[in-house]
Amino acid sequence: MASAVSLRCGKPMRKRDVNITNDVTEADDVRPVLNDDWFEEADAYQGAKLVRRGRPKSDNPKQPVTLRLDRDLVDWFKSTGDGWQTRMNEQLRKAAGI
């Protein structure tokens, strides 16, 4: 019977990790089973054209840039939570009058 606290690399394992094993020994152990369920999730085609999944391409994609800003300014925008980059973009557009 296993002890109440199992060890991994000399450190106690978290309770949820106790049942994890490293039984993968062959490449076949990690290959997907190619059944009907797997093919339902595979790429879809309409004729010869691949049907894109996920977010559609933007008509006005963002341009990645490297920009050096004052730390307190960046910290302030980050403190406003998720979407801070979008809000910064909106403020820059507003300041530029566009």
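Fair warning: this is a prediction, and the values are worked out from it, not measured in the lab.

The next point concerns the overall build of the chain. For the chain, the helix and strand inventory stands at three helices and four strands. Going residue by residue from the N terminus, the α and β elements of the chain occur as β-β-α-β-β-α-α. Scored against the burial criterion, the 98 residues of the chain give a buried share of 7%. Accessible surface, the chain as shown: approximately 10,200 Å² in total, 50% of it carbon and sulfur.

Volume-wise, the largest pocket comes out at about 570 Å³. Taken together, 17 residues line the largest pocket, and the ones lying closest to its centre are K62, Q63, V65, Q85 and N89. In terms of residues, the lining of the largest pocket owes the most to one element, helix α3 (residues 84–96), which gives seven residues. Among the residues making up the lining of the largest pocket, the classes are represented as nine nonpolar, six polar and two charged.

This brings us to the packing of aromatic side chains. Taken as a whole and assessed by the stated rule, the structure comprises one aromatic pair. Between the aromatic rings of W76 and F77, the centroid separation amounts to 5.0 Å while the plane-to-plane angle is 90 degrees, which identifies the pairing as edge-to-face. Overall, F77 belongs to the buried group, its relative accessible area being 8%.

This part is about α3. If you check α3, its first and last C-alpha atoms are 18 Å apart, about what 13 residues at 1.5 Å a residue would give, namely 18 Å. Where α3 terminates, the next one or two residues include G97, which has phi positive at roughly 75 degrees.

Turning our eyes to something else, we now look at a negative patch on the surface. A cluster of acidic residues, D36, D37, E40 and E41, forms a negative patch on the protein surface. Residue position: E40 is located in helix α1 (residues 36–40). Exposure remark for E40: the relative accessible area of 61% places this residue in the exposed category.

Quick look at the confidence of the model for the chain now. Looking at the chain, pLDDT values average 78 and 70% of them are 70 or higher. Mean pLDDT per element in the chain: strand β1 (residues 7–8) is the minimum at 50, and helix α2 (residues 71–79) is the maximum at 96. Below a pLDDT of 50 lies the segment residues 1–7, which in the model reaches seven contacts outside its immediate sequence neighbourhood of four places, other chains included.

Orientation of α2 relative to α3, taken along the N-to-C sense of each, is 120 degrees, at an axis distance of 8 Å. In terms of orientation, α2 and α3 fall into the oblique class. Like other packed secondary-structure pairs, α2 and α3 cross with a definite hand, here right-handed. In this structure, α2 uses V74, F77 and K78 to contact α3, whose residues at the interface are W84, R87, M88 and Q91. Taken together, the residues that form the contact of α2 with α3 break down as four nonpolar, one polar and two charged.

Reading guide: rules and limits
Residues numbered from 1 in each chain as written. Predicted model: local features only at pLDDT ≥ 70, side-chain atom pairs only at ≥ 80, totals over all residues. Heavy atoms only, no water. Helix = DSSP H or I, 4+ residues; strand = E, 2+ residues; numbered from the N terminus. Buried < 20%, exposed > 50% of the residue type's maximum accessible area, 1.4 Å probe, protein only. Areas by Shrake-Rupley, 256 points an atom, 1.4 Å probe, with all protein chains shown as cover. 1 Å grid on protein atoms, 1.4 Å probe; cavity = no way out; pocket = protein on both sides within 12 Å on 5 of 7 lines; lining within 4 Å. Points joined across faces, edges and corners; volume = space filled by probe spheres on them. Nonpolar A, V, L, I, M, F, W, Y, C, P; charged D, E, K, R; others polar. Phe/Tyr/Trp six-rings, centres within 6.5 Å; stacked < 30°, edge-to-face > 60°. Expected span 1.5 Å × (residues − 1). Patch = residues over 30% accessible without salt bridge, like charges linked within 9 Å, V, L, I, M, F, W, Y side chains within 5 Å. Salt bridge = Lys/Arg side-chain N within 4 Å of Asp/Glu carboxyl O. Lys, Arg positive; Asp, Glu negative; His and termini not counted. Charge placed at Lys NZ, Arg CZ, Asp CG, Glu CD. pLDDT = per-residue confidence, 0-100. Contact = heavy atoms within 4.5 Å. Axes fitted to C-alpha atoms, helices over the stretch in contact; angles between N-to-C directions. Parallel < 35°, antiparallel > 145°, perpendicular 65-115°, else oblique. Left-handed = near helix turned anticlockwise from the far one by under 90°.

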